[in-house]
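The primary structure of each chain is shown beneath.
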2 protein chains.
Amino acid sequence: MATSTTKTGQPLDRAQLEPVLRRRMFYTPSFEIYGGERGLYDYGPPGCALQANVVDLWRKHFVLEEDMLEVDCTMLTPEAVLKTSGHVDKFADWMCKDPKSGEIFRADHLVEQVLEARLKADKDARGQTIVVDEAKEARKKKKIKDTKIEKLDDAVVQEYEETLAKIDNYGGDELGELIKKFDIKGPTTGAELDPPRAFNLMFQTQIGPSAEKPNGYLRPETAQGQFLNFQKLLEFNQQSMPFASASIGKSFRNEISPRSGLLRVREFLMAEIEHFVDPEGGKKHPRFEDVKDVKLTLLNRKTQLAGSTKPDVLTIGEAVSTGIVDNETLGYFMVRIQDFLLKLGIDHSKLRFRQHMANEMAHYAADCWDAELFTTYGWIECVGCADRSAYDLTVHANKTGAPLVVRETRAEPLVIEEYQIDLERKKLGPKFRKDAKSVEAAVDALSQELREKLSLELEKTGKIEVQTPGVGSGTTELDKDLIKIEKRKRTEHVREYTPNVIEPSFGIGRILYSLMEHVYWTREGDGARAVLSFPPSVAPTKVLLVPLSSHQDFKPFIKKLTTRLRRIGVSNKVDDSSASIGKRYARNDELGTPFGITIDFQTVKDGSLTLRERDSTKQVRASEDDIIAAVKALVDGEETWEDISKRLPLFEGQDLD
Amino acid sequence: MATSTTKTGQPLDRAQLEPVLRRRMFYTPSFEIYGGERGLYDYGPPGCALQANVVDLWRKHFVLEEDMLEVDCTMLTPEAVLKTSGHVDKFADWMCKDPKSGEIFRADHLVEQVLEARLKADKDARGQTIVVDEAKEARKKKKIKDTKIEKLDDAVVQEYEETLAKIDNYGGDELGELIKKFDIKGPTTGAELDPPRAFNLMFQTQIGPSAEKPNGYLRPETAQGQFLNFQKLLEFNQQSMPFASASIGKSFRNEISPRSGLLRVREFLMAEIEHFVDPEGGKKHPRFEDVKDVKLTLLNRKTQLAGSTKPDVLTIGEAVSTGIVDNETLGYFMVRIQDFLLKLGIDHSKLRFRQHMANEMAHYAADCWDAELFTTYGWIECVGCADRSAYDLTVHANKTGAPLVVRETRAEPLVIEEYQIDLERKKLGPKFRKDAKSVEAAVDALSQELREKLSLELEKTGKIEVQTPGVGSGTTELDKDLIKIEKRKRTEHVREYTPNVIEPSFGIGRILYSLMEHVYWTREGDGARAVLSFPPSVAPTKVLLVPLSSHQDFKPFIKKLTTRLRRIGVSNKVDDSSASIGKRYARNDELGTPFGITIDFQTVKDGSLTLRERDSTKQVRASEDDIIAAVKALVDGEETWEDISKRLPLFEGQDLD
């Protein structure tokens, strides 16, 4: 696996980035003074502002731009809902217990770690160098200690490699067999492990005081709340199709063994869209024409099956027309997802769309593509874009009887020619008594094919035999007096259908973490200082105000600037600490603040200010009005720093260190 | 209790408002197709947009305006944290079970309902009319059926009334006694009730796969996460005091018996501020001067004790200087809370601040004022503003050993004269062996008073006796060879203190519901149509675009307008349904959309548009540029409709019905 590099081409060392993110309080382990709780993180002020800006951009990019119906549903969810959706039975991972130490391992991860450790030991024994996957290394260091440097048989190596390639696809029994077959023991005790057991990943709880046992869960996704409100949303949308609902909120997943920092946590922010579309007519999208020439980096199923990770770069128009991407609506959202990620500052060269393999998808899904971002942890799934077909609406409708369907007046009434059956009910009752209803139901259920056959028989012999399970011998004879079968025409004016759902689903925390890696680099010289080059639109703070010193004369300028910037909606912070201007800027480079305004003695004389840009550290000097206008234009994305630095006089003044 | 009226003075009938809010999907019961789950509500598109706008305003008004440090902490919380905070032991209500039916009642509510029903029956018997509290009526209708119309003894009436006045203050045993004394039985069965039992209101869950029993809770408030991060936040703030943290997020409360719609729910959005302040120097606030002349409606403790609900209207300056409000910081935030609520559109005449009675407050609290809003459910606590003293930081520091304190270099070093003790450790060890440490600890813990006394005794007799619990007989003799006590001077350069916390805590859902009541009124004529007069800043959608018909010629105008409005950040919706313009506007009056732009055949001719204002239904007609500029000025609050209607020509054109 390739190692990650920064946007300036430096090797990206997570061991250097993480302390910066922690020190600047982008995020921090929750409950740290209580020893912490694995898989839970708090966002500090800059992380929180970054998150709010990303969510705001998401809402503008999707909800407002596409007129989606946003809903905010509860996280607490009754058991019945998640039973129907399949989560109670299937949303589980396999865990293994070490009976000696009581330790619990995720079975697939354990097999993976042990086999990888053995393969590495084998390579060491063979004297081969390997490119190291840091994340896996770190894991191994922790758990799998002192694997003996031992050469393996070639056949064993091959078997291990094949197992690893398929590691995501094994069930509990298979994992149990692998553990036995490969003689995998408790890593710290060497004890034989208990067989894998399913562990449901939902947090269970008790709603209300009268429940005798847990009767609810914290939602694993925001989607179900949207499905349950389908009817009301369709009504709100004045019965007009297609439409999308959207939701931003926390979801939960009780990871067996959380790892990889912000990437695998137990409580996380999601933003999900459920786009409801008519399954007939190829799931076209009215705006597909606008995006069809946009290129995407696609790693399709076929390429993966061939064992390659080399993606194709195709326009979405080509991808849909050649069937690589299933339909226009799915393709349209893939482009919109890419637009969104690039707006945030995601590095285009570290973005790809990977198609799910057939066995990765839920059985009902028609197609699924993940937007993956490359990080020091490898390629990470950050946005899923799935065609969930009509599955969810159908199961909830079947369970509750709620009509989760669209009823549409047909432009052209549909004329159907079919075999219809008339029963002589007056005679049926007296003849079959208590069985009359069962006979009627059996007749009603007859297929068109059978009706055709039976109508011929009835005409020929004057009677027919019908399968009637539970009535008499299971077959009932009906004659001409009782039944008539005729081919007739029927006109349908209303069409009823269950919409299909295209679901773009964003893991906001994963996107935030990947973004922080993508915008991170270090400035050469004076100790390689960290810089986070967030675009102005998502940067936690837009402008830092820096008075040269704590001199009284600077205070009124600071106050006025703060007020003016706030009025035009530009978030700003004052740093009037006693540190040198250089140090104060360095601190804010780590916080990703794109612009800095210095107030110095020249300001007191003529009101002029200097404006500094984070990435180039270049400054311009101009009047307050000009500087404010420049900041506004930069933050709104109407001008670039290049524009500004051509327009306003450059300044090379104060010694900043 | 007074009944509620709309802003136009009409009687406010919740039975009319609620169906509007449900139909327009401001909110809707969660999981309705599964029969619903009490105390859980989803927000539909307009409710969600309203909530997002209110949160956005809150963030601007508090976090940005006051430079607060926003954090986003997890909802999942380990048990140890909430054990320390006191929630595991004390965050409970008393519940009563009817053993016959299995029904569960909140004990205080049950007593309240029964006594109120009996008092009402008594008044009916006496032929007195009473002003009806609708909410309580509704409750009684449901639960307490057919209370016999029966006259009570005057003494009983008085006893009931006294009990009701104190109903919030009874513990479980007292409630049990009241139930026996007043012969209160299971309302549906007439059975004797089980004694009240504490029911903890936190949702319990199991974090991770290895827990044998529940080991965590969903947080009951966002505050604890902020306290636990205090040290990191102080560091982030470069050790500078005072400062405030803030947090917006869901909290949970497993209500025994949810009621009153959005006002008492099991999952709710909170926005909380923890302002950390030096307890010395009277908790002054640097901006108090700016707000001291603002008037507040205050219902203080003394007035309430005198049995009155008539508030005083005072400036916050007077209230603080006379000690009615405990300190400047508390007073400053009360003004800021009022500012915020009025910005949202809260009716000033339906807002008051009520001081907590001594027995309502947590024992550590110094003072607490609730901002209450008047609704059809009576006065509702929507914002709490409490002085939590140093309680939370102290208990967490004691439990974990984390230094949740501020260390400040003293401007003037502090010279302290005190009795210091020197122990001859070399002799102490051999003499007391395993008890040596206990003896040393006991000596170290001696107070200054005792040290003075003992020093005299030591001088006089050459030996002293010290209490040493657990060592020998509990008293240990020490002589001159072992101990020396002297009065000496010590200079302290650093001051260490635990900050006090002022906590404004907002229940966003309650504010939203109250706001919807405050802005609701009905337009007379043609069937009294509902209008929700949200101010433009919080209205779910700002502008409705209405083409006269679905004529092709209107489409390019709509497209252009949508794009232009979106670019200036003004949310808008198109309604090109076939309903009459009047009907379309009526629908959007219910949604609270403040402005409407009509596109008609005149538009096609000369590009002019009409702009309609929701409350007056007046229209102006002008060029596209003028109309867009007017909308922007209205939404930004730079001009009022009155300004616009003076500036642009009035239009009385299309028949809207």
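Residues numbered from 1 in each chain as written. Chains lettered and ligands numbered in written order. Predicted model: local features only at pLDDT ≥ 70, side-chain atom pairs only at ≥ 80, totals over all residues. Heavy atoms only, no water.

Colleague: Can you walk me through the sheet that holds strand 5 (residues 92-97) of chain B in this structure?
Modeller: By way of backbone hydrogen bonds, the strands of a sheet pair with one another, either parallel or antiparallel. Residues and elements named next belong to chain B. Strand order across the open sheet formed by 3 strands is 6-5-7, with antiparallel pairing between neighbours. Taken across any chain shown, the strands that pair with only one partner, and hence form the sheet edges, are strand 6 (104-106) and strand 7 (197-200). Here the strands of the sheet are splayed against their neighbours by 45 degrees on average, with no regard to which way each runs. Here strand 5 runs beside strand 7; their pairing, made up of 4 bridges, is antiparallel. Along strand 7, the bridge assignment pairs Asp 93 with Phe 199. (Pairing = 2+ DSSP bridges. Helix = DSSP H or I, 4+ residues; strand = E, 2+ residues; numbered from the N terminus. Axes fitted to C-alpha atoms, helices over the stretch in contact; angles between N-to-C directions.)

Colleague: Can you help me understand helix 21 (residues 581-590) of chain A in this one?
Modeller: Spacing of three or four residues puts side chains on the same side of an α-helix, whose turn is 3.6 residues. All names here are of chain A. Most of helix 21 sits inside the fold, with 9 of its 10 residues counted as buried. Of the residues making up helix 21, those classed as buried are Ile 581, Gly 582, Arg 584, Tyr 585, Ala 586, Arg 587, Asn 588, Asp 589 and Glu 590. Of the residues flanking the end of helix 21, it is Gly 592, one or two places downstream, whose phi is positive at about 80 degrees. (Buried < 20%, exposed > 50% of the residue type's maximum accessible area, 1.4 Å probe, protein only.)

Colleague: Would you mind going over the packing of aromatic side chains with me for this structure?
Modeller: Centre-to-centre distance and the angle between the planes together describe a pair of aromatic rings. Using the criterion set out here, one finds 34 aromatic pairs over all chains in the structure. Judged by centre distance (5.6 Å) and plane angle (75 degrees), the rings of Tyr 332 of chain A and Phe 333 of chain A are edge-to-face. The pair formed by Tyr 332 of chain A and Phe 333 of chain A is uniform in burial state, with each residue classed as buried. Judged by centre distance (6.0 Å) and plane angle (40 degrees), the ring pair of Phe 26 of chain B and Phe 534 of chain B falls under tilted. Linking Phe 26 of chain B in the loop between helix 1 (14-23) and strand 1 (27-29) with Phe 534 of chain B in the loop between strand 23 (529-532) and strand 24 (543-547), this pair joins segments that are 508 residues apart in sequence. Comparing Phe 26 of chain B with Phe 534 of chain B shows no difference in burial state: the two are buried. Taken together, Trp 58, Phe 62, Phe 340 and Phe 506 of chain A form an aromatic cluster joined through their ring pairs. Between Arg 621 of chain B and the ring centre of Phe 651 of chain B, over which it is positioned, the NZ or CZ distance is 5.0 Å. (Phe/Tyr/Trp six-rings, centres within 6.5 Å; stacked < 30°, edge-to-face > 60°. Lys NZ or Arg CZ within 6 Å of the ring centre and 35° of its normal.)

Colleague: Is there a simple way to think about unusual backbone geometry in this case?
Modeller: Most peptide bonds take the trans configuration, and most residues that are not glycine carry a negative phi. Residues and elements named next belong to chain A. Here the bond from Met 241 into Pro 242 is cis, since omega is -10 degrees, no more than 30 degrees from zero. Mapped onto the secondary structure, Pro 242 falls in the loop between helix 10 (230-236) and strand 10 (243-252). Positive phi outside glycine occurs at Arg 433, with the angle close to 50 degrees. Tracing the backbone through its elements, the reader meets Arg 433 in the loop between helix 16 (425-432) and helix 17 (436-444). The class of Arg 433 is exposed, set by a relative accessible area of 68%. Phi is positive for Thr 617, which is not a glycine, with a value near 60 degrees. Locating Thr 617 in the fold gives a position in the loop between strand 27 (609-613) and strand 28 (619-622). The class of Thr 617 is partly exposed, set by a relative accessible area of 33%.

Colleague: Which parts of the structure should I look at to understand a nonpolar patch on the surface?
Modeller: All names here are of chain A. Taken together, the side chains of Leu 548, Phe 601 and Val 604 define a hydrophobic patch exposed on the protein surface, amounting to about 210 Å² of accessible area. Position of Phe 601 among the secondary structure elements: in helix 22 (residues 601-606). For Phe 601, a relative accessible area of 41% gives the class partly exposed. (Patch = residues over 30% accessible without salt bridge, like charges linked within 9 Å, V, L, I, M, F, W, Y side chains within 5 Å. Areas by Shrake-Rupley, 256 points an atom, 1.4 Å probe, with all protein chains shown as cover. Salt bridge = Lys/Arg side-chain N within 4 Å of Asp/Glu carboxyl O.)

Colleague: How should I be thinking about the interface of chain A and chain B in this particular structure?
Modeller: Quoted interface sizes are often the accessible area lost when the parts come together. On the chain B side, the residues contacting the 77 residues of chain A number 77 residues. Roughly 6,500 Å² is buried in total at the junction of chain A and chain B, and carbon and sulfur atoms are behind 61% of that figure. On the surface where chain A and chain B come into contact, there are 8 salt bridges. Taken together, the connections running from chain A to chain B amount to 32 residue pairs in polar contact (both at pLDDT 80 or more). With 7 residues, the single largest contributor to the side of chain A that touches chain B is helix 2 (residues 45-64) of chain A. (Contact = heavy atoms within 4.5 Å. Buried area = accessible area lost by both parts, 1.4 Å probe. Polar contact = N/O pair within 3.5 Å; in protein donor to acceptor, adjacent residues only side chain to side chain.)

Colleague: Got a minute to help me understand the domain arrangement of chain A in this structure?
Modeller: You can read the domains of chain A as domain 1 (47-75 + 219-392 + 502-506), domain 2 (92-200), domain 3 (416-494) and domain 4 (541-647). Spacing between the C-alpha centres of domain 2 of chain A and domain 4 of chain A amounts to 54 Å. (Domains from an automatic or database assignment.)

Colleague: What is the right way to look at the relation of the copies chain A and chain B in this model?
Modeller: Note that the two copies of the chain are related through a rotation about an axis and a translation along the same axis. Superposing chain A onto chain B requires a rotation of 179 degrees together with a translation of 0.0 Å along the rotation axis, leaving an RMSD of 0.7 Å. Here the transformation between the copies is reduced to the relation of a two-fold axis. Of the C-alpha atoms belonging to chain A, the one lying closest to the rotation axis is found on Thr 205 of chain A, 2.4 Å away. (Least-squares fit on C-alpha atoms with pLDDT ≥ 70 in both.)

Colleague: Please explain empty space enclosed by the protein as it appears in this structure.
Modeller: It is the rolling of a water-molecule-sized probe over the atoms that shows where space remains empty. Residue and element names in this part refer to chain A. This model, assessed by the stated rule, comprises 10 cavities of 30 Å³ or more. Looking at the largest cavity, it is lined by 16 residues, and the ones nearest its centre are Tyr 41, Tyr 43, Glu 267, Phe 268 and Leu 269. In terms of residues, the lining of the largest cavity owes the most to one element, strand 11 (residues 267-277), which gives 3 residues. Within the lining of the largest cavity, the residues separate by chemical class into 9 nonpolar, 4 polar and 3 charged. (1 Å grid on protein atoms, 1.4 Å probe; cavity = no way out; pocket = protein on both sides within 12 Å on 5 of 7 lines; lining within 4 Å. Points joined across faces, edges and corners; volume = space filled by probe spheres on them. Nonpolar A, V, L, I, M, F, W, Y, C, P; charged D, E, K, R; others polar.)

Colleague: Would you explain the sheet that holds strand 9 (residues 216-218) of chain A in this entry?
Modeller: All names here are of chain A. Spatial ordering of the open sheet is given by 4-9-8, a layout of 3 strands whose pairing is antiparallel. Here the strands that pair on one side only, and so sit at the sheet edges, are strand 4 (76-78) and strand 8 (204-205). Inspection of the sheet shows strand 8 paired to strand 9 by 2 bridges, in the antiparallel sense. Bridge pairing in strand 9 links Gln 204 to Tyr 217.

Colleague: Would you mind going over the nonpolar core with me for this structure?
Modeller: With 90 residues, the main nonpolar core has Trp 58, Leu 341, Phe 506 and Phe 534 of chain B as its most contacted residues. Sequence-distant contacts of Phe 506 of chain B, defined by excluding residues within four places in its chain, comprise Trp 58, Phe 62, Leu 269, Met 270, Ala 271, Ile 273, Ile 337, Phe 340, Cys 382, Val 383 and Ile 511 of chain B. Ranked by size, the runner-up nonpolar core spans 89 residues in total, among them Leu 263, Ile 273, Leu 314 and Cys 382 of chain A. (Core = buried A, V, L, I, M, F, W, Y, C linked by side-chain atoms within 4.5 Å.)

Colleague: What's the story with the environment of Pro 11 of chain B in this structure? I'm lost.
Modeller: Residue and element names in this part refer to chain B. With respect to the helices, strands and loops of the structure, Pro 11 is situated in the segment before helix 1. Separated by 510 residues in sequence, Pro 11 and Trp 521 have C-alpha atoms that sit 9.2 Å apart. Leaving out residues up to four positions away in the same chain, Pro 11 has contacts with Ser 4, Thr 5 and Thr 6.

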